[in-house]
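Structural overview for review
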Amino acid sequence: HERHRRIIEILDGGGSLSVVDLSAEFGVSEMTVRRDLKELESEGLLRRVYGGAVRQLGRAYEPPFQLRSQQDAGPKAAIGRAAAELVQPGDAIAIDTGSTCQQVVRALRHAKRGHLTVVTASLRVAAEIASSFVLDQDLRLIVAGGIVRPGELSMTGAATRAFTLSMHVDKALIGVGGIDAVKGCSEFNVEDTEVKQHFIDSAKQVIVLADSTKLGQVSFAAVCPIEAVDVLVTDSAANADVLAAFEAAGVAVVVAED
């Protein structure tokens, strides 16, 4: 898994790689590298070409959760801590799906935010809360019903929509596939997009959590216009000009320090 993650990181930085280069990089045989590339191609993460591979992703492609959770772990943890600082005791908050949103839960445990109500449609987030807070009396957890998306472990379907439409929260902490100062927030799949939209519509304040790689990116399904976003929390690698564009659009920007 570590070798696969590193291959994707190298491709993201350089665009293409040869089997020979990867063999030297990892100290493994060319046959092993070819097997790695074949597995990654089957997951839609790259396209094999003669002698190597190139990165090829469409707007609707959603990287596997396991891969996303390993990428940019430091910046995501910093974003989680910064987002947790925006939560006040007594708040009712919606926490979205995704690896960055899980980091918020871990940060809330150390921030000692009491008397919270947390609404989520993510089994991963719910499990994180259950293990972090042991469901003590200072936190009430409400989990949406519905159909479980394999891999992502988020809830979708008619029951989830009905649940999210019935909730009204103080803050919605939303993860996205991309956020652009002109085209707004977007996501890889339609099912999760509907849940995000309902949380956004129900919240007094919308806080988007997006690491620097997602800034200026547009994914398959539109989530909301940029005008719906109150706060963007990102990491210190974000481009200053890109952040200025968000601020010009009326979004308060919080840069999380590692």
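Residues numbered from 1 in each chain as written. Predicted model: local features only at pLDDT ≥ 70, side-chain atom pairs only at ≥ 80, totals over all residues. Heavy atoms only, no water.

Another point: helix α8 (residues 158-165). Taken as a whole, α8 has its buried residues at T160, F163 and T164. Projection of α8 onto a plane perpendicular to its axis shows the buried side chains occupying an angular sector of 90°, all on one side. Opposite the buried face of α8, at more than 90 degrees from it, the exposed residues are A158 and L165. Contacts made by the buried residues of α8 are with β5 (116-120), β6 (139-143), β7 (147-148), β8 (155-156) and α9 (190-202). (Buried < 20%, exposed > 50% of the residue type's maximum accessible area, 1.4 Å probe, protein only. Helix = DSSP H or I, 4+ residues; strand = E, 2+ residues; numbered from the N terminus. Arc of directions from axis to C-beta. Contact = heavy atoms within 4.5 Å.)

This part takes up the sheet that holds strand β2 (residues 47-49). Reading across the sheet, the 3 strands line up as β1-β3-β2 and stay open at both edges, with antiparallel pairing between neighbours. Looking at the sheet topology across the chains shown, the edges are occupied by β1 (16-18) and β2. Adjacent strand axes in the sheet meet at a mean angle of 25° when their direction is disregarded. Examined bridge by bridge, β2 and strand β3 (residues 52-54) share 3 bridges and lie antiparallel to one another. Bridging across to β3, R48 finds its partner in A53. Packing against the sheet, helix α2 (residues 19-26) makes contact with β1 and β3, and its axis sits at approximately 75° to β1. Sheet contacts for helix α3 (residues 30-42): β2 and β3; angle to β2, the most-contacted strand, approximately 140°. (Pairing = 2+ DSSP bridges. Axes fitted to C-alpha atoms, helices over the stretch in contact; angles between N-to-C directions.)

Helix packing for two helices is described by the angle between their axes and how far apart those axes are. Relative orientation of the contacting elements α8 and α9 amounts to 10°, with a least axis distance of 9 Å. As the angle between them shows, α8 and α9 are arranged roughly parallel. In contact with T160, R161, T164 and L165 of α8, α9 contributes E194, V195, H198 and F199. For the contact of α8 with α9, the residue count by class is 3 nonpolar, 3 polar and 2 charged. (Parallel < 35°, antiparallel > 145°, perpendicular 65-115°, else oblique. Nonpolar A, V, L, I, M, F, W, Y, C, P; charged D, E, K, R; others polar.)

This paragraph deals with the side chain of E187. In this fold, E187 is placed in strand β11 (residues 184-187). Separated by 3.4 Å, the side chain of E187 and the backbone nitrogen of G177 make a polar contact. For E187, the side chain forms a polar contact with the side chain of K196, separated by 3.2 Å. (Polar contact = N/O pair within 3.5 Å; in protein donor to acceptor, adjacent residues only side chain to side chain.)

Turning to the environment of R47, a few remarks are in order. Along the chain, the position of R47 falls in strand β2. In sequence terms R47 and S16 are 31 residues apart; their C-alpha atoms lie 9.6 Å from each other.

The phi dihedral of L153 is positive, around 60°, even though this residue is not glycine. Mapped onto the fold, L153 is located in the loop between β7 and β8. For L153, a relative accessible area of 30% translates into the label partly exposed.

Bringing the pairing of strand β15 (residues 252-256) into the picture now. Where strand β14 (residues 231-235) and β15 come together, 5 bridges link them in parallel fashion. Along β15, the bridge assignment pairs T234 with V255. In the classification by handedness, the crossover that spans β14, the intervening helix α10 (residues 240-248) and the parallel β15 is right-handed. (Right-handed = clockwise from strand over helix to strand, strands pointing away.)

Moving on: the sheet that holds strand β13 (residues 221-224). Adjacent strands of a sheet pair through backbone hydrogen bonds, lying either parallel or antiparallel. Read from one edge to the other, the open sheet built from 3 strands follows the order β10-β11-β13, with strand pairing classed as antiparallel. In this open sheet, the two strands that pair with only one neighbour each are β10 (178-180) and β13. Mean inter-strand twist for the sheet, computed between neighbouring axes without regard to direction, equals 35°. As judged from the 3 bridges shared by β11 and β13, these two strands associate in the antiparallel manner. Across the sheet, S186 pairs through a bridge with A222, a residue of β13. Of the strands in this sheet, β11 and β13 touch α9, which is tilted by about 10° from β13.

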